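Geometric and topological summary
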Amino acid sequence: MARGLSGGADGRGALAGEPAVGEAAVELTSRSTPAPAGIESGVEPVTVTGANCNPDGMTSQPAALARPEFDRLYFGRDDAESDISGAGLLRAGFLRTTAYQMVMQGRKQLVIGRKGVGKSAICMMLANDASTAASIVTPDEISADEIRQFELRGLTRRMAKGLIWRYVLVVQIAKLVLHDARAAHDKAPASVGQLRKFLLENGELNDDPRWHEKFWKSIQRLRSSLSLEAFGIKASVELGKDSSPAEGIRIAQQLDVVEEQLGRALRDLHCPPGHGPFLVLVDQVEKVWSNDLNSDDMVIGLLSAAKHVSSRFPNVRCVVFIRSDIYDALQFPERDKFRGDEMRIEWSAPALVDLLLARAEASVGRTGPDRRLFGDYFAAAVGERPTDEYLVERTLMRPRDLIQFANLCRDTAAKNGHTHVMEHDVLEAERQYSVWKVQDLANEYLVNYPFLTDLFVLFQHSGYVVGRDALEHRLSTLSETLRNRHRRFADVFTMHGITTVLYGIGFLGARRGPHFEYMFDGNESLSGTEPAFCVHPCFRQALHATTAVGVSGYRPLASRSWYAIGATPSGWLGAGNPSIRGAEAFTFFDAVDDAGERAARVFRDAVMPPELRAELFASISSMLSDTRERRATSDPDSLDAAVAQAHWVARFFHGLANDLAEHEAFADTADRIARIGSGLEELALGLPRYEPRPSEFS
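Analysis parameters
- Residues numbered from 1 in each chain as written.
- Predicted model: local features only at pLDDT ≥ 70, side-chain atom pairs only at ≥ 80, totals over all residues.
- Heavy atoms only, no water.
- Helix = DSSP H or I, 4+ residues; strand = E, 2+ residues; numbered from the N terminus.
- Polar contact = N/O pair within 3.5 Å; in protein donor to acceptor, adjacent residues only side chain to side chain.
- Contact = heavy atoms within 4.5 Å.
- Buried < 20%, exposed > 50% of the residue type's maximum accessible area, 1.4 Å probe, protein only.
- Pairing = 2+ DSSP bridges.
- Core = buried A, V, L, I, M, F, W, Y, C linked by side-chain atoms within 4.5 Å.
- Salt bridge = Lys/Arg side-chain N within 4 Å of Asp/Glu carboxyl O.
- Axes fitted to C-alpha atoms, helices over the stretch in contact; angles between N-to-C directions.

**Remarks on the side chain of aspartate 283**
- Along the chain, aspartate 283 turns up in the loop between strand 3 (278–282) and helix 10 (293–312).
- A distance of 2.6 Å separates a polar atom in the side chain of aspartate 283 from a polar atom in the side chain of serine 120.
- Non-local contacts of aspartate 283, meaning those with residues more than four positions away in its chain, are made with Glu81, Ser120, Cys123, Val137, Thr138, Pro139 and Phe321.

Put into structure tokens, the structure is as follows:
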């Protein structure tokens with residue numbers, strides 16, 4: 001199916017057709033901002049200034065074309081349950097991913113992923129597939145305690161909870177069989193009639209096969225003994241009630257009878273070879289999970305029951321959708337038997353962009369190849385980053401984040417009276433989005449890690465890159481308070497404990513080689529030797545951690561009064577008052593340009609996080625641009641502007657050196673930058689000749 005909306009002028013994210021199932025997707029190899037052109041090579045970067053800058057100081061993008069369809073641009077709802085109906089876009093904008101296909105083909109029956117990756121979307125689409133008879137089972141929160149505390153004499157807690165799930169799953173399959181018999185068979189066999197009578201006698205019959213009873217009612221029925229008379233069995237005699245078996249054994253025997261009769265009904269239907277499977281889909285288990293042993297037994301009981309039922313009946317599949325943090329915390333001997341059923345949902349950057357494009361087109365319709373989401377409806381770039389990459393980099397690599405961010409950008413543009421999303425609309429939306437993400441992360445792990453909001457304090461109002469030693473020092477000031485406030489988790493509040501937690505949930509990236517890697521980049525656990533950590537981009541705005549290590553960016557001299565520097569321009573020349581006239585005044589500007597390029601080489605060769613290097617390059621680029629603008633507009637016969645600029649840039653380098661020196665890892669870099677600044681300062685103070693010392697060169 002050809003699509004009209006494409007990614008951008010360079011073809012990035014463009015959809016020529018439906019993505020191939022199982023096709024390998026290219027991951028982002030770096031999350032850092034590239035250096036401005038010319039900085040690393042020593043070539044003067046070309047920077048757009050003056051008339052091409054908007055009032056906010058950001059480089060403006062070429063004006064996007066106003067599109068009449070902008071009012072209809074929409075990326076769908078946050079949750080699959082709402083997105084599949086009404087104004088939702090799940091049906092029209094759904095990508096049939098490898099995970100979807102693997103479940104549809106019956107090759108995987110355990111779908112694992114963190115919140116927001118699309119588990120429920122796959123579940124809803126499977127349930128609405130015309131080729132299947134499907135029912136979705138979601139535990140109700142009102143029954144949570146009943147399920148967790150359910151026990152039976154004669155059985156372990158885990159086996160008892162497994163019986164609840166066996167009963168619920170078998171009843172749902174029976175309903176699907178009855179519905180299929182009415183819809184696709186002229187005359188239902190007697191065994192199907194018996195099955196219907198069983199459901200009726202036990203209060204489980206309903207016209208809608210997708211409906212299921214509250215779990216607490218199912219528990220009551222199990223405890224009070226099921227009626228099996230529909231199958232010609234008197235429970236008191238046939239199940240050996242005279243011998244008074246334990247409660248758990250009695251219920252297990254009753255379920256064996258029900259399963260035997262269900263199997264007979266399935267065989268008697270004689271469904272043709274092309275008949276789709278009977279699907280029971282279990283979703284949102286987290287509603288009844290509380291991170292305790294009873295909750296673990298409940299989930300393990302579900303997994304065992306689903307596997308049992310799937311293997312017990314022909315053409316029946318029970319698929320469980322479960323959050324990765326819940327599944328990974330489980331410990332049980334039979335876990336190795338589930339490896340082949342596991343399907344973990346992971347998204348690549350290109351796949352997320354494809355999803356966004358599909359939803360955009362579903363909302364505005366096919367508009368032809370000239371309509372590009374990133375370029376016409378959205379600004380092509382945000383700063384130095386293509387917009388699609390900028391948006392994806394601020395997600396935890398899951399669709400829900402991207403959909404929320406894109407919708408918020410669109411809504412912000414509309415609020416600002418724009419007919420396309422401009423760069424500053426994205427930046428404005430990001431501030432609100434970042435607050436959402438901090439709140440959402442704390443809520444997502446409220447059961448597992450109720451202390452997250454207290455840990456976030458460690459990263460507020462500071463650089464988003466933090467060394468191991470610095471983080472350990474911050475933790476030492478707070479660890480006692482955390483232990484007293486969250487006694488159950490006291491053992492977590494060590495350096496290894498909190499970094500493992502924060503890395504595992506995607507809040508922190510870990511330094512490996514020259515780059516930072518997040519959990520979803522390679523699923524590699526921490527070794528305990530990582531030298532530094534990095535707050536994920538989506539949380540930085542909310543935490544006011546917007547610079548890598550707290551270094552101050554360059555501000556043009558034009559934004560400050562000369563007198564605010566602490567001296568008059570003539571005073572900067574010193575007592576010597578050297579005689580430099582005419583074109584020789586540009587010696588100062590040349591010296592500033594040379595200092596900037598040498599500083600860029602220092603940053604290029606230094607061992608530092610890419611995010612910090614990108615910020616420093618941006619500051620140097622801004623400084624060079626400001627210097628060239630002042631060169632072009634100053635009086636060539638006056639020294640004031642040239643000397644002022646040299647003095648101002650010298651102070652910038654000294655401030656930068658002081659910021660870097662606060663971090664032991666950058667001490668050598670700070671020293672070299674300080675020497676560059678001292679050379680400029682000597683020139684500004686009136687030394688007769690500016691000759692940089694050899695030690696100043698990188």
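**Side note on the pairing of strand 9 (residues 508–512)**
- The element strand 9 is largely enclosed, with a buried count of 5 among its 5 residues.
- As judged from the 3 bridges shared by strand 9 and strand 11 (residues 532–535), these two strands associate in the antiparallel manner. Following the sheet pairing, leucine 508 is matched in strand 11 by valine 535.
- For strand 9 and strand 10 (residues 515–517), the ladder comprises 3 bridges, and the chain directions are antiparallel. In the strand pairing of strand 10, arginine 511 is matched with phenylalanine 516.
- Here strand 9 hands over to strand 10 after 2 residues, with glycine 513 in that stretch at a positive phi of 70°.

**Looking at the nonpolar core**
- The biggest cluster of nonpolar side chains holds 143 residues, and the ones touching the most others in it are Leu281, Leu373, Phe378, Phe459, Phe507, Phe603 and Phe653.
- Looking at which element gives the most residues to this core, the answer is helix 24 (residues 640–661), with 12 residues.
- Once residues lying within four places of it in the same chain are set aside, the contact partners of phenylalanine 507 are Leu441, Phe456, Phe459, Leu502, Cys534, Val535, His536, Phe539 and Leu543.
- Among the nonpolar cores identified, the runner-up in size contains 68 residues, and Phe150, Phe215, Val299 and Ala306 belong to it.

**Here we look at the pattern of salt bridges**
- Per the counting criterion, the structure on display carries 38 salt bridges.
- Here arginine 264 makes a salt bridge to glutamate 260, at a shortest N to O gap of 3.8 Å. Taken together, the residues span about one helical turn, with arginine 264 and glutamate 260 both in helix 9 (residues 247–269) at a distance of 4 residues.
- Under the relative-accessibility criterion, arginine 264 is labelled partly exposed at 32%.
- Its relative accessible area of 41% is what places glutamate 260 among the partly exposed residues.
- Through salt bridges with shared partners, a single ionic network connects Arg114, Arg398, Asp401, Lys437, Asp440 and Glu444.

**A short note on the environment of alanine 190**
- Summarising the element assignment, alanine 190 is placed in helix 6 (residues 190–201).
- Put simply, alanine 190 and aspartate 268 are 78 residues apart on the chain and 8.6 Å apart in space, counted from C-alpha to C-alpha.

**Section: the sheet that holds strand 8 (residues 465–467)**
- Strand order in the open sheet formed by 4 strands is 8-11-9-10, with antiparallel pairing between adjacent strands. Looking along the sheet, the strands with just one partner apiece sit at the ends: strand 8 and strand 10. On average, each strand axis in the sheet is inclined to that of its neighbour by 35°, with strand direction left out of account.
- Contacts between helix 17 (residues 468–476) and the sheet are confined to strand 8 and strand 11, with strand 8 contributing the most and set at about 85° to the helix.

**Observations concerning the sheet that holds strand 3**
- The strand order across the open sheet formed by 5 strands is 2-3-4-1-5, and the pairing between neighbours is parallel. Two strands lie at the open edges of the sheet, namely strand 2 (133–137) and strand 5 (342–344), each paired on one side alone. Between one strand axis and the next, the sheet turns by 20° as a mean value, whatever way the strands run.
- Sheet topology places strand 1 (residues 110–113) next to strand 4 (residues 316–323); 4 bridges connect them, and they run parallel. For glycine 113, the partnering residue across the bridge sits in strand 4 and is arginine 323.
- The strands touched by helix 5 (residues 157–184) within the sheet are strand 2, strand 3 and strand 4, with strand 3 carrying the most contacts at an inclination of about 140°.

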